[in-house]
Amino acid sequence: MRLILVLQNGMQIMGLYVTKSLNVALSIEHQKEIMRYLYNHQNEDGGWGLHIEGHSTMFGTALTYVTLRLLGEGLNEQVLKAQKWILDRGGVVSIPSWGKLWLSVLGLYEWSGNNPLPPELWLLPYALPFHPGRMWAHARMVYLPMSYLYGKRFIMPINNLILSMRNELFVTPYSNIDWDSARNSCAKEDLYYPHPAIQDILWAGLHKIGEPILNLWPFSKIRQRALNVVKKHMQHDDECTNYICIGPVSKVLNMVCCWIDDPDSHAFTRHLARVKDYLWLAEDGMKMQGYNGSQLWDASYAVQAIISTSMSDEYGPMLKKAHSFIKNSQVKDNRSGDEWYRHISKGGWTFSTADQNWILADCTAEALHAALQLSWCSSSIAGEAMKDNEIYDAVHVLLSMQNQNGGFGSYELTRSYEWLEMMNPSETFGDIIIDYQYVECTSSAIRCLNSFMKSYPTYRQKEITTCIAKAADYIESIQLPDGSWYGSWGVCFTYATCSGIKGLVAAGRTYQNSYSIRKACNFLLSKELEGGGWGESYLSCQNKVYTNLEGNRPHIAHTAWAMLALIAAGAENIDPTPLHKAAKILVQSQNDNGDFPQQEIVGVFNKNCMISYSAYRFIFPIWALGEYYNNILLPTK
């Protein structure tokens, strides 16, 4: 499973509160468990961060404070501690832009304190580089409903609780706040991506000139037309994803927009029915995940880990179930045409389930790779192999996702230019405007296509060979001077360097003929801890500088990733001592019941948001020990 920002629980609760559905969608027991989770992750200073290990931020603290109050909590000791944290920093006026929008919907912030999110952008010609259809899929689908709410200036009916919080959360009396100055305010604790001057100039022009004009007749007709277009795009995504949406933020926003249009609509009812898809109850309470799960991703990796042990015959029933799930999770059709700005999806896999429908390049690659490995097992162990035509569909969609420079992104091709990142309005996240190319996704594609060619050597041979060669060249081109790669989806340099090495090896590079591989191995060996193993902090992602965990402690996931990379590069080329020490750390970390401890966070997105992948503590130690046993220990016996 994968979980994400503490504040996503808040967005969910706020959305249900606005739509008067809190007690319909969530029982009292659900609400208690959500509060338990929030209290469990309150920092000592009284605030909450973007994620469970992060320092306190205005975004996390303010939204969690509001959430607890909406759930019926009074001004108890922990809530008062959070209030003090907020007021000591000038109140919620300085909450980042996403928080400004949510508080505006609740009536806790004025819309005039928001920078413009004009829905009219969706009416522009697609040829323009800043058309929303060219944005990264997650950003596009979040700012879509945000622009709808902004265009309508929706505010829920003000009640006594909202009026009370207006007094609780601001230093200045609410009626005296300078909302125009508030538009560009952002707490220093939250400011990861400051607005460039050109962005502030643009927002000021739209706010002071564009918006007043668009609210006057006959220009108001343009606003209404834009809102209708945005509404159709939301409806289409709701239907394509069976009301799960691409992620929890857009899910809740779309649900609120449905309710605004018609509280009794079938669409809103279906939205409510899928709220619990995102919930996960664990030992620390109930949280809202960053997806409706990571079922496909975890299953694909788990299969490859088990097969690496050469013990597949002992786990036939489990492999059969996993194989069946992978086959059933493949997206079987294209639900979207060009007018919805979606890439083709037939043959691909999502991160979670087929219902969600948003395929990704790396998920498609890892799922197909797992299915191919299972096809090499006896059908009595792994079940029937995928049909050829379904495998060909997967290869087709994967090949279609390679960019001209050879790299692979996440959901779609890169559709615009990196310079557009200067228009990133979020303040909190980095690299959100376009779908960039990533070493992790590119490596997954190479490894998958290499395995495919072993089983289907003549199918589209020239295209696949060219694709792999271009992808390998791309990986080499983005390698950093110290031999590492920066990780965009895992923490951080260790994860990405493992991906880089494995991708280059699958493309035919070797330790002997590839300077990139040798340099990458030297980088990993230089980061080995004195007592053995590897342990990297999430701070590496934020600061883009390799940082050990506090106390220079090893981490089982980082240790496993480094082992997998070094073994893939060729164990005969390096001193095996680091691998022996690392394997010993993994073995000694295992609990008596076979479990491994849940350690520090190992996932990331958009540079500043960390993700917990709870299954990684099983998958990667098994995988690394399997490769270690078969490639290091056995050959020496």
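Residues numbered from 1 in each chain as written. Predicted model: local features only at pLDDT ≥ 70, side-chain atom pairs only at ≥ 80, totals over all residues. Heavy atoms only, no water.

- The protein is annotated in an unreviewed UniProt entry as Terpene cyclase/mutase family member of Kalanchoe fedtschenkoi.
- In its Sequence similarities (unreviewed entry) section, the UniProt entry covering the protein states "Belongs to the terpene cyclase/mutase family." (UniProt positions renumbered as here; feature names shortened; annotations may be inferred.)

A word on the UniProt feature "domain: Squalene cyclase N-terminal" (unreviewed entry) in the protein
Reasoning step 1: According to UniProt, the positions carrying the feature "domain: Squalene cyclase N-terminal" (unreviewed entry) are residues 29–280.
Reasoning step 2: From the first C-alpha to the last, residues 29–280 spans 13 Å; its make-up is 54% helix and 1% strand. (Helix = DSSP H or I, 4+ residues; strand = E, 2+ residues; numbered from the N terminus.)

Some remarks on the pairing of strand β5 (residues 609–613)
Reasoning step 1: Of all five residues that make up β5, five are buried, and the element is covered over most of its length.
Reasoning step 2: Taking every second residue as pointing to the same face, both faces of β5 are buried, with Cys609, Ile611 and Tyr613 on one and Met610 and Ser612 on the other.
Reasoning step 3: Looking at chain direction, strand β4 (residues 603–605) and β5 are connected through three bridges and run antiparallel. In the strand pairing of β5, phenylalanine 605 is matched with cysteine 609.
Reasoning step 4: Between the end of β4 and the start of β5, which pair antiparallel, lie three residues, with asparagine 606 showing a positive phi angle near 50°. (Buried < 20%, exposed > 50% of the residue type's maximum accessible area, 1.4 Å probe, protein only. Pairing = 2+ DSSP bridges.)

Focus: the domain arrangement of the protein
Reasoning step 1: Taken as a whole, the protein is organised into domain 1 (2–288), domain 2 (294–478) and domain 3 (480–636).
Reasoning step 2: Here the C-alpha centre of domain 3 lies 22 Å away from the C-alpha centre of domain 2.
Reasoning step 3: At the junction of the two partners, domain 2 supplies 30 residues and domain 3 supplies 33 residues.
Reasoning step 4: Approximately 2600 Å² of surface area, both sides summed, lies buried where domain 2 meets domain 3, with 61% of it carried by carbon and sulfur atoms.
Reasoning step 5: Its largest share of buried area at the contact with domain 3, domain 2 owes to Tyr301, Glu440 and Glu476, together 21% of the area lost on that side.
Reasoning step 6: The interface formed by domain 2 and domain 3 includes three salt bridges.
Reasoning step 7: Taking the shortest distance from any N to any O, the salt bridge between arginine 509 and aspartate 473 comes out at 2.9 Å.
Reasoning step 8: Counting the contacts that link domain 2 with domain 3 gives 17 residue pairs in polar contact (both at pLDDT 80 or more).
Reasoning step 9: Of all the elements in the fold, those that place two or more residues in the side of domain 2 that touches domain 3 are α14 (295–308), α19 (439–455) and α20 (461–477). (Domains from an automatic or database assignment. Contact = heavy atoms within 4.5 Å. Buried area = accessible area lost by both parts, 1.4 Å probe. Salt bridge = Lys/Arg side-chain N within 4 Å of Asp/Glu carboxyl O. Polar contact = N/O pair within 3.5 Å; in protein donor to acceptor, adjacent residues only side chain to side chain.)

Quick look at α19
Reasoning step 1: Taking 1.5 Å per residue, 17 residues should reach 24 Å; α19 reaches 25 Å between its end C-alpha atoms and fits that length.
Reasoning step 2: Counting buried residues in α19 gives 14 out of 17 residues, a clear majority hidden from the surface. (Expected span 1.5 Å × (residues − 1).)

Topic: the environment of glutamine 8
Reasoning step 1: You can see glutamine 8 is positioned in helix α1 (residues 7–18).
Reasoning step 2: Sequence separation of glutamine 8 and histidine 343 is 335 residues, and the distance between their C-alpha atoms is 27 Å.
Reasoning step 3: In this structure glutamine 8 touches Pro248, Val249, Met288, Gln289 and Gly290, once residues within four positions along its chain are discounted.

A closer look at the pattern of salt bridges
Reasoning step 1: Within the structure shown, the criterion is met by 26 salt bridges.
Reasoning step 2: The partner of lysine 287 in a salt bridge is aspartate 284, with the nearest N and O atoms 2.6 Å apart.
Reasoning step 3: Among the ionic contacts, a cluster of salt bridges with common partners joins Glu120, Arg153, Glu211 and Arg223.

Topic: the packing of α19 against α20
Reasoning step 1: Remark: α19 packs on α20, axes separated minimally by 10 Å, with the N-to-C direction vectors making an angle of 150°. Between α19 and α20, the crossing angle belongs to the class labelled roughly antiparallel. Crossing of α19 against α20: the hand is left-handed. In contact with Val439, Thr442, Ser443, Ile446, Leu449, Asn450, Phe452 and Met453 of α19, α20 contributes Gln461, Ile464, Thr465, Cys467, Ile468, Ala471, Ala472, Tyr474 and Ile475.
Reasoning step 2: Each residue belonging to the contact of α19 with α20 can be placed in one class, and the counts come to 12 nonpolar, five polar and no charged. (Axes fitted to C-alpha atoms, helices over the stretch in contact; angles between N-to-C directions. Parallel < 35°, antiparallel > 145°, perpendicular 65-115°, else oblique. Left-handed = near helix turned anticlockwise from the far one by under 90°. Nonpolar A, V, L, I, M, F, W, Y, C, P; charged D, E, K, R; others polar.)

A few points about the packing of aromatic side chains
In this description, an aromatic ring pair is defined by two values, namely the gap between the centres and the angle between the planes.
Reasoning step 1: Scanning the entire structure with this criterion turns up 35 aromatic pairs.
Reasoning step 2: Measuring from centroid to centroid gives 5.4 Å for tyrosine 126 and tyrosine 341, while their planes differ by 15°, and the two rings are stacked. With tyrosine 126 in the loop between α6 (97–106) and α7 (137–152) and tyrosine 341 in the loop between α15 (316–329) and α16 (361–375), this residue pair connects regions lying 215 residues apart in the sequence.
Reasoning step 3: The class for tyrosine 341 is buried, based on a relative accessible area of 16%.
Reasoning step 4: Consider the rings of phenylalanine 429 and phenylalanine 605, whose centres lie 6.4 Å apart with planes at 25°: the pair is stacked. Of this pair, phenylalanine 429 sits in the loop between α18 (388–399) and α19 while phenylalanine 605 sits in strand β4, and the two are 176 residues apart along the sequence. Accessibility assignment for this pair places phenylalanine 429 and phenylalanine 605 in one class, buried.
Reasoning step 5: Linked through ring pairs, Tyr291, Trp297, Tyr301, Phe351, Tyr495, Trp561, Tyr613, Tyr616, Phe620 and Trp623 together constitute an aromatic cluster.
Reasoning step 6: Sitting above the plane of the tyrosine 174 ring, arginine 166 keeps its charged end 4.1 Å from the centroid. (Phe/Tyr/Trp six-rings, centres within 6.5 Å; stacked < 30°, edge-to-face > 60°. Lys NZ or Arg CZ within 6 Å of the ring centre and 35° of its normal.)

Structural notes on the side chain of asparagine 114
Reasoning step 1: In this structure, asparagine 114 sits in the loop between α6 and α7.
Reasoning step 2: Using a relative accessible area of 5% as the deciding quantity, one classes asparagine 114 as buried.
Reasoning step 3: Reaching out from asparagine 114, the side chain makes a polar contact with the backbone oxygen of glutamate 110 at a distance of 3.2 Å.
Reasoning step 4: If we ignore the near neighbours within four places in the chain, the residues touching asparagine 114 are Ser97, Lys100, Leu101, Ser104, Tyr109, Arg183 and His207.

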